[in-house]
Amino acid sequence: MKKSLAQLTNGANKICHYVSFFSMVTIVVMMGIICVDIVLGNFLNRPLKGLYEVLQVLLTTLVFASWGYTQSVHGHIHVVMFVTRMPQKLRFICYGLTASFSTVVMAIGCGAVCQQVLNVFKSGEQTGTLSIPYWPFYIFEAVAFALLTITLLLDAIKAVMAIWDNEMAEEIQATW
């Protein structure tokens, strides 16, 4: 069981890592576009048309691509001030419950985004100036939500296992 869980975790972490490259590329592209707009606007009095629309869709990519990766490296804020003072079993019962609740919330969010993909695709909704369709960005958002949900689920399973397994408990506490 532990070996399978470790393999699943490593696989999910690798996928999250590769998806996070979209964040890195997106921020470089956004900085480049903004620089070009500033130069064109200030020196040639011809700012880029539809800049805000492009930045809007790129910003969604930037934000959502980093969520799964941040969870996989345990970079999100953990408030463990009180939990660390509890007995081990109670500590991981609480941690398992919060991780399970987070998983359910993100799974609901993922379902909602998938529904939004269908709605936007059917309606043909797009940006006003450049007519950029929104649905590809919603698909990317759905994938990012799914990765975060999977990562949270794996953490929840580990937390439940840590109730009875000291080795797993030490592994989790090392990230606190």
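The sections below set out a description of the structure shown in this document. Everything numeric in this text was worked out from a predicted model, so none of it was measured. (Residues numbered from 1 in each chain as written. Predicted model: local features only at pLDDT ≥ 70, side-chain atom pairs only at ≥ 80, totals over all residues. Heavy atoms only, no water.)

What to know about the nonpolar core
To keep it simple, the criterion reads: We call a set of buried residues a nonpolar core when its members are Ala, Val, Leu, Ile, Met, Phe, Trp, Tyr or Cys and they connect through side-chain atoms within 4.5 Å of each other. Type-normalised accessible area, obtained with a 1.4 Å probe on protein chains alone, sets the label of each residue: buried when under 20%, exposed when over 50%, and partly exposed for intermediate values. Helix and strand definitions follow DSSP, with helices as H or I runs of at least four residues and strands as E runs of at least two, each counted in order from the N terminus. In this description, contact between two residues means that some pair of their heavy atoms is separated by no more than 4.5 Å.
Counting residues in hydrophobic clusters, the biggest one holds 12 residues: L5, A12, F92, Y95, L154, A159, M161, A162, I163, M168, A169 and I172. Of all the secondary-structure elements, those providing two or more residues to this core are α1 (2–43), α3 (88–123), α4 (135–162) and α5 (166–173). With near-sequence residues (within four places) excluded, A159 lies in contact with F92, Y95, G96 and I172. One finds C110, A142, F145 and L152 within the second-largest nonpolar core, a separate group that totals nine residues.

Focus on unusual backbone geometry
The backbone of N45 shows a phi angle near 55°, a positive value even though the residue is not glycine. Residue position: N45 is located in the loop between α1 and α2 (51–72). Take N45: its relative accessible area is 64%, and that puts it in the exposed class. Its identity is not glycine, yet S131 carries a phi of approximately 55°, on the positive side. Looking at where S131 falls in the secondary structure, it is placed in the loop between α3 and α4. In this structure S131 comes out as partly exposed when scored by relative accessible area, which is 37%.

Things to note about empty space enclosed by the protein
What counts here: Using only the protein atoms, space was sampled on a 1 Å grid; points where a 1.4 Å probe fits but cannot get out form cavities, open sets with protein on both sides within 12 Å along at least five of seven lines form pockets, and lining residues are those with an atom within 4 Å of a point. Grid points are joined across faces, edges and corners, and a volume is the space filled by probe spheres set on the points.
With the rule as written, the count across this model stands at one cavity of 30 Å³ or more. Approximately 30 Å³ is the volume attributed to the largest cavity. Every residue lining the largest cavity is listed: C16, V19, F64, A65, W67, G68, Y69, A144 and L147. Contributing elements (two or more residues each) for the lining of the largest cavity: α1, α2 and α4. With five residues, α2 is the largest single contributor of residues to the lining of the largest cavity.

Observations concerning α3
Our working rule: By definition here, a helix of n residues has an expected span of 1.5 Å times n minus one.
With 36 residues, α3 should cover 52 Å at 1.5 Å per step; its first-to-last C-alpha distance of 52 Å lies within 8% of that length. Restricting attention to buried positions, one finds in α3 the residues R91, F92, Y95, G96, A99, T103, M106, G109, C110, V113, V117 and V120. Where the residues of α3 are buried, they touch α4 and α5. A positive phi of about 70° marks G124, the residue just after α3.

Overview of the packing of α3 against α4
Two quantities define a packed helix pair, namely the angle between the helix axes and the distance between the axes. For the record, the criterion: Every axis in this analysis is a line fitted to C-alpha atoms, fitted for helices over the stretch in contact. Angles between the N-to-C directions lie between 0 and 180 degrees. Oblique is the label for any angle not under 35 degrees, not over 145, and not in the 65 to 115 range, which are roughly parallel, roughly antiparallel and roughly perpendicular in turn. By definition, turning the near helix anticlockwise from the far helix through less than a right angle yields a left-handed crossing, and turning it clockwise yields a right-handed one. Asp, Glu, Lys and Arg are counted as charged, while Ala, Val, Leu, Ile, Met, Phe, Trp, Tyr, Cys and Pro are counted as nonpolar; the rest, among them Gly, fall into the polar class.
Where α3 contacts α4, the axes come no closer than 8 Å and their chain directions differ by 165°. Here α3 lies roughly antiparallel to α4, going by the angle between them. When the axes of α3 and α4 are compared, the crossing they make is left-handed. Its residues assigned to classes, the contact of α3 with α4 shows 23 nonpolar, eight polar and two charged.

Some thoughts on the side chain of Q71
The condition that has to hold: Polar contact criterion, stated in full: a pair of N or O atoms within 3.5 Å, where within protein one must be able to donate a hydrogen and the other to accept it, and residues adjacent in sequence count only if both atoms are side-chain atoms.
Among the structural elements, Q71 can be located in helix α2. Within the local environment of Q71, its side chain forms a polar contact with the side chain of D155, the two groups lying 2.6 Å apart. Apart from the residues lying within four places of it in its own chain, the contact partners of Q71 are H76, L148, T151, L152 and D155.

Describing the packing of aromatic side chains
Basically, it comes down to this: Any Phe, Tyr or Trp ring, taking Trp's six-membered ring, that has another such ring centre within 6.5 Å forms a pair; planes under 30 degrees apart are called stacked, those over 60 apart edge-to-face, and the others tilted.
Under the defined criterion, the tally for this structure stands at six aromatic pairs. Relative to F145, the ring of F64 has its centre 5.8 Å away and its plane inclined at 35°; by these criteria the two rings are tilted. Separated by 81 residues along the polypeptide, F64 in helix α2 and F145 in helix α4 bring together distant segments of the chain. In this structure F145 comes out as buried when scored by relative accessible area, which is 9%. Measuring from centroid to centroid gives 5.1 Å for F121 and W135, while their planes differ by 90°, and the two rings are edge-to-face. Linking F121 in helix α3 with W135 in helix α4, this pair joins segments that are 14 residues apart in sequence. Of the residues examined, F121 reaches a relative accessible area of 51% and is grouped as exposed.

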